[in-house]
Amino acid sequence: ILRPYLPPGIPTRVVRTPVDCVFSPPAPVADNRRFVFVGRFETEKGVRLFAAAARAAGVPATFIGDGALRPELERLCPEAEFTGWLSPDRIRAKLQEARALVFPPLWYETLGLVVIEAAAAGVPALVASGCAATDYIRSDVNGLHFEHGSVESLTAQMRRLAADDAQAGRLGRAAY
């Protein structure tokens, strides 16, 4: 992303973000049904995209976090679970109930530590193709990619994963 803005020949090095993950057994994703979003309920985080796709796919959704869009999201997904902000321990407990984490930012999100935290819990992530989480989540290996900003693409991936217990289990094991 930055290479075009740097002078030619300048050496660069990628320094990965350290993530403090707590060891736990992998989540039973093949048995779980809930798709989870964790973060601020703001436009750039893509939370509306998640809400629209969850509704279109007909899957159970959990929204962990809070923000200005919460009233709108509660209208869009009245059947969804809204937890508010949770402690790290409670987030890990909610990840144990997840089929997948959905990471749908509309801007270029650098990584999204929650993607790595979900993987540490054995939960695959569905990530937007236009964010740095694709460096960690390889589509059809340890999660799935969807077209950046596309409700239709995210809906299709959510339906696909919701319908296939074996695939969910395989992706979760690879994520772990």
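Residues numbered from 1 in each chain as written. Predicted model: local features only at pLDDT ≥ 70, side-chain atom pairs only at ≥ 80, totals over all residues. Heavy atoms only, no water.

Visitor: Help me get a handle on the packing of helix α1 (residues 47–57) against helix α5 (residues 151–163), residues and values and all.
Guide: At their nearest, the axes of α1 and α5 sit 8 Å apart, and the two run at 50 degrees to each other. One finds that α1 runs oblique with respect to α5. Judged by the twist between their axes, the crossing of α1 over α5 is right-handed. Here α1 contributes Leu-49, Phe-50, Ala-52, Ala-53, Ala-54, Ala-56 and Ala-57 to the contact with α5, which in turn contributes Val-151, Leu-154, Thr-155, Met-158 and Arg-159. Grouping the constituent residues of the contact of α1 with α5 by class yields 10 nonpolar, 1 polar and 1 charged. (Axes fitted to C-alpha atoms, helices over the stretch in contact; angles between N-to-C directions. Helix = DSSP H or I, 4+ residues; strand = E, 2+ residues; numbered from the N terminus. Parallel < 35°, antiparallel > 145°, perpendicular 65-115°, else oblique. Left-handed = near helix turned anticlockwise from the far one by under 90°. Contact = heavy atoms within 4.5 Å. Nonpolar A, V, L, I, M, F, W, Y, C, P; charged D, E, K, R; others polar.)

Visitor: Residues and numbers for the sheet that holds strand β5 (residues 125–128), please.
Guide: Pairing in this open sheet of 6 strands is parallel, and the strands run β3-β2-β1-β4-β5-β6 from one edge to the other. Single-partner strands in this sheet number two, and they are β3 (81–84) and β6 (143–146). Pairwise comparison of adjacent strand axes, ignoring direction, gives a mean angle of 20 degrees for this sheet. Of the strand pairs in this sheet, strand β4 (residues 98–103) and β5 are connected by 3 bridges, and their pairing is parallel. Within β5, the position partnered with Val-102 by the bridge is Leu-126. Contacting β1 (34–40), β4 and β5, helix α4 (residues 113–120) runs over the sheet at an angle of about 165 degrees to β4. (Pairing = 2+ DSSP bridges.)

Visitor: Residue-level account of the pairing of β4, with values.
Guide: Burial analysis of β4 places 6 of its 6 residues in the buried class, which makes it a mostly covered element. One ladder, built from 3 bridges, connects β1 with β4; its direction is parallel. By the bridge assignment, Arg-34 is partnered in β4 with Ala-98. (Buried < 20%, exposed > 50% of the residue type's maximum accessible area, 1.4 Å probe, protein only.)

Visitor: Describe the nonpolar core, naming the residues involved and giving the relevant values.
Guide: With 50 residues, the main nonpolar core has Phe-35, Phe-63, Val-123, Leu-126 and Met-158 as its most contacted residues. At 7 residues, the largest contribution of residues to this core is made by α1. If near-sequence neighbours (up to four positions away) are discounted, Met-158 is found in contact with Phe-35, Phe-50, Ala-53, Ala-54, Ala-57, Val-59, Val-102 and Leu-126. (Core = buried A, V, L, I, M, F, W, Y, C linked by side-chain atoms within 4.5 Å.)

Visitor: Outline α4, supporting the account with residue identities and numerical values.
Guide: In an α-helix, one full turn covers 3.6 residues, which means residues spaced three or four apart are oriented alike. Inspection of α4 places Val-114, Val-115, Ile-116, Ala-118 and Ala-119 among the buried residues, and these make up the whole buried set. For α4, the secondary structure elements touched by its buried residues are β1, α3 (88–95), β4, β5 and α6 (165–175). Taken from the residues just after α4, Gly-122 is the one with a positive phi, measuring 80 degrees.

Visitor: Summarise the pattern of salt bridges; cite the residues concerned and give the values.
Guide: According to the stated counting rule, one finds 12 salt bridges in the structure shown. A single network of salt bridges, built from pairs that share partners, joins Arg-34, Glu-81, Lys-94 and Glu-97. (Salt bridge = Lys/Arg side-chain N within 4 Å of Asp/Glu carboxyl O.)

Visitor: For the side chain of Lys-94, give the residues involved together with the corresponding values.
Guide: In this structure, Lys-94 sits in helix α3. For Lys-94, the side chain forms a polar contact with the side chain of Glu-81, separated by 2.6 Å. When residues no more than four places from it in sequence are discounted, the contact partners of Lys-94 are Ile-64, Glu-81, Thr-83 and Leu-86. (Polar contact = N/O pair within 3.5 Å; in protein donor to acceptor, adjacent residues only side chain to side chain.)

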